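Examining the three-dimensional arrangement
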Amino acid sequence: MPDETRTIKTDYLARVEGEGGMLIRLKGKEIEEVKLNIFEPPRFFEAFLRGRYFTEAPDITARICGICPVAYQMAASHSMEKVIGATIDPQVNALRRLLYCGEWIESHSLHVYMLHAPDFLGYPSAIEIAADAPEVVEKALRLKKIGNHIMCVVGGREIHPINVKVGGFYSTPTKAELEKLVPDLEWALAMSEETVKWANTLDFPDFEQDYVYLALDADGAYPIEGGDRFVTSSGINAPIDEFYEHVVEEHVEHANALQGHLKGVGPYLTGPAARYALHYDLLSDRAKAAAEGIGLPKVVNNPFKSILVRSVELVEACDEALRIIREYEQPAEPTVAVEPRAGAACGASEAPRGTLCHRYEIDDKGIILDATITPPTAQNQPQIEADLRGFVGKFMDLPNDELTLRCEQAIRNYDPCISCATHFLNLEIERSE
Amino acid sequence: MKILVVGTGNSWRGDDAVGLEAATALRERLPQAVRVLATEAEQSSLMDEWEGCGAVLIVDAVHSSAAPGTIHRVDLNAEVVPHAVLKGSTHHFSLGDTIELARALKRLPATALFFGIEGARYAPGEPLSPAVATSVPAIVEEIAKEVEALLNRD
């Protein structure tokens with residue numbers, strides 16, 4: 001039946017942050033429609049920020065996401081510090097990078113083991129893995145907890161850290177306090193290396209895309225907590241203040257998150273695969289060795305192999321955290337003085353799932369006049385749809401159930417954060433009186 | 001007995017904040033020896049929070065077909081959280097997931113109770129709906145009684 005209409009649909013995607021669904025409509029061998037539905041609440045945060053004092057932006061925007069609050073705090077702080085012309089102590093910057101490593105360890109370990117692995121292993125969720133292989137899940141949880149712990153020590157608490165401010169921190173840890181993290185981090189580093197090898201035993205669909213990659217450029221370091229420039233594989237190398245000259249955000253009817261496109265290029269990819277492809281040479285020796293150990297090429301165009309790249313970044317985050325602690329000297333002052341100055345600037349950081357850009361305009365009293373926040377998932381959404389289109393085109397002969405699962409997996413390749421999730425439970429209760 | 005009370009939710013999303021509000025009220029109401037945690041965290045870390053506890057009592061907003069403000073009580077050691085709970089999750093790793101994961105890993109405390117308050121609206125930036133706000137004192141009272149009974153059992 002060549003004209004038979006097939007619909008591949010998932011109303012509520014599980015194992016992603018936020019609220020999203022997927023719809024793919026096929027007519028015979030033709031793909032009629034591919035939609036990633038994002039019901040993210042309109043980004044009321046941008047409106048909410050107007051009229052607030054500039055130093056409030058890191059704490060307010062951190063509430064956007066329970067899984068990457070540090071990304072928001074850093075992007076907001078960088079942006080404000082640029083507007084007011086604050087210079088940050090290098091050790092304070094190092095601490096910010098350490099805090100961010102904690103977020104990467106937490107987020108990547110959660111995604112690799114608890115959210116993405118079930119797709120590859122044929123389990124509905126990590127709960128069933130826990131029943132069959134509790135030791136794997138216990139190790140994953142320990143790894144995640146070590147990331148959380150870094151965030152507690154540097155950020156004051158693990159979720160929505162309270163210690164970050166425009167200008168630096170409210171207080172800084174002593175070297176001895178950080179050194180207590182070392183034994184756990186050494187375990188985490190070894191476990192991350194094991195994770196790379198384990199992830200390489202998974203089966204990957206034979207599927208590659210011709211990606212345009214975008215990531216921050218952190219002036220000689222693997223981009224994590226920030227970067228004054230951004231680069232793309234299409235040849236852009238520009239100051240972050242020119243981000244919105246290259247990236248345009250469009251509203252589409254089926255999603256209330258804006259979708260990002262590169263002008264003159266179209267969809268692009270941001271996230272682990274982009275950072276890895278654009279900055280492979282800046283990875284630590286341990287991370288490179290882990291990648292080489294499994295024969296991972298320097299550019300990974302199979303989106304399902306993002307789990308391998310994420311695992312390599314786990315090695316990078318653990319190794320980098322250990323280096324920062326080794327070289328740390330507690331700064332004389334946790335912060336520099338911050339005085340308002342009228343102006344506008346962009347600031348960005350590399351959230352676990354990709355580049356997060358903020359732009360603020362403030363007046364001479366420090367009041368926010370305008371705010372724009374471009375999260376990585378909004379940027380990746382057109383590319384996710386392009387992946388779905390490509391994947392369904394190649395594998396449309398699969399039975400519906402399997403194709404649906406594979407398409408969900410294709411979305412989870414991006415570790416999407418359809419942010420500002422509600423936390424309520426959809427509860428079905430059946431009881432007889 | 002070490003007891004942990006957890007109120008969870010999202011303070012920016014209408015009735016989803018009810019668990020947090022209940023926890024805030026319970027912190028005033030309960031003896032100091034009882035730890036009360038109000039958290040908007042990604043929830044798999046809750047397992048670490050209740051490690052070593054003899055009892056955990058969790059309060060969160062729920063969404064079923066009951067009237068707004070209805071209080072559901074689930075004994076987690078006696079009942080499995082319905083699977084639809086997990087499917088409807090909007091979390092990276094939700095409370096329902098965490099409870100079931102803890103069960104699989106044998107990490108649920110001997111006493112583990114869940115209190116769900118039926119919500120009505122979850123729009124960004126809204127306060128609690130009237131029916132849900134009205135139910136807060138009742139849920140606080142119910143949990144306080146449970147805690148008292150647990151303490152008396154010691």
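Just so you know, these numbers come straight off a predicted model, no measurement behind them.

1. Points about the overall build of chain A
From N to C terminus, chain A includes 14 helices and 17 strands. Within chain A, buried positions represent 62% of all 433 residues. Restricting the contact set of chain A to residue pairs at least 6 apart, pairs at least 24 apart contribute 72%.

2. Overview of the sheet that holds strand S13 (residues 343-351) of chain A
Residue and element names in this part refer to chain A. Taken in spatial order, the three strands make up an open sheet running S13-S14-S15, and their pairing is antiparallel. Both outer strands of the open sheet, S13 and strand S15 (368-374), are each paired with one neighbouring strand and no more. For this sheet, the mean inter-axis angle between neighbouring strands, taken without regard to orientation, is 15°. Bridge analysis of S13 against strand S14 (residues 354-362) gives nine bridges, and the strand direction is antiparallel. Its bridge partner being in S14, Ala351 is matched across the sheet by Gly354. Running at roughly 150° to S13, helix H3 (residues 69-84) makes contact with S13, S14 and S15 of the sheet.

3. Overview of the pairing of strand S1 (residues 3-8) of chain B
Residue and element names in this part refer to chain B. A large share of S1 lies buried, amounting to six of its six residues. In S1, alternate side chains face the same way, and those of Ile3, Val5 and Gly7 on one face and Leu4, Val6 and Thr8 on the other are all buried. Two strands pair when backbone bridges link them, and S1 and strand S3 (residues 55-63) are joined in this way by five bridges, in the parallel orientation. Across the sheet, Leu4 pairs through a bridge with Val56, a residue of S3. Here five bridges tie S1 to strand S2 (residues 35-39), and the two strands are oriented parallel to one another. The partner of Leu4 across the bridge, within S2, is Arg35.

4. What to know about the sheet that holds strand S9 (residues 237-239) of chain A
Backbone hydrogen bonds hold the strands of a sheet together, and the pairing may be parallel or antiparallel. All names here are of chain A. Reading across from one edge, S9-S8-S7-S12 is the order of the four strands in this open sheet, with mixed pairing throughout. For this open sheet the edge positions go to S9 and strand S12 (269-270), each flanked by a neighbour on one side alone. Inspection of the sheet shows strand S7 (residues 213-217) paired to strand S8 (residues 229-232) by four bridges, in the antiparallel sense. Bridging from a neighbouring strand, Ala215 pairs with Val231 of S8.

5. Examining the side chain of A:Glu46
All names here are of chain A. Along the chain, the position of Glu46 falls in helix H1 (residues 44-49). In this structure the side chain of Glu46 is engaged in a polar contact, spanning 2.7 Å, whose partner is the backbone nitrogen of Ile373. The contact partners of Glu46, leaving out residues within four places of it in the chain, are Ala371, Thr372 and Ile373.

Reading the values: the criteria
- Residues numbered from 1 in each chain as written.
- Chains lettered and ligands numbered in written order.
- Predicted model: local features only at pLDDT ≥ 70, side-chain atom pairs only at ≥ 80, totals over all residues.
- Heavy atoms only, no water.
- Helix = DSSP H or I, 4+ residues; strand = E, 2+ residues; numbered from the N terminus.
- Buried < 20%, exposed > 50% of the residue type's maximum accessible area, 1.4 Å probe, protein only.
- Contact = heavy atoms within 4.5 Å.
- Pairing = 2+ DSSP bridges.
- Axes fitted to C-alpha atoms, helices over the stretch in contact; angles between N-to-C directions.
- Polar contact = N/O pair within 3.5 Å; in protein donor to acceptor, adjacent residues only side chain to side chain.

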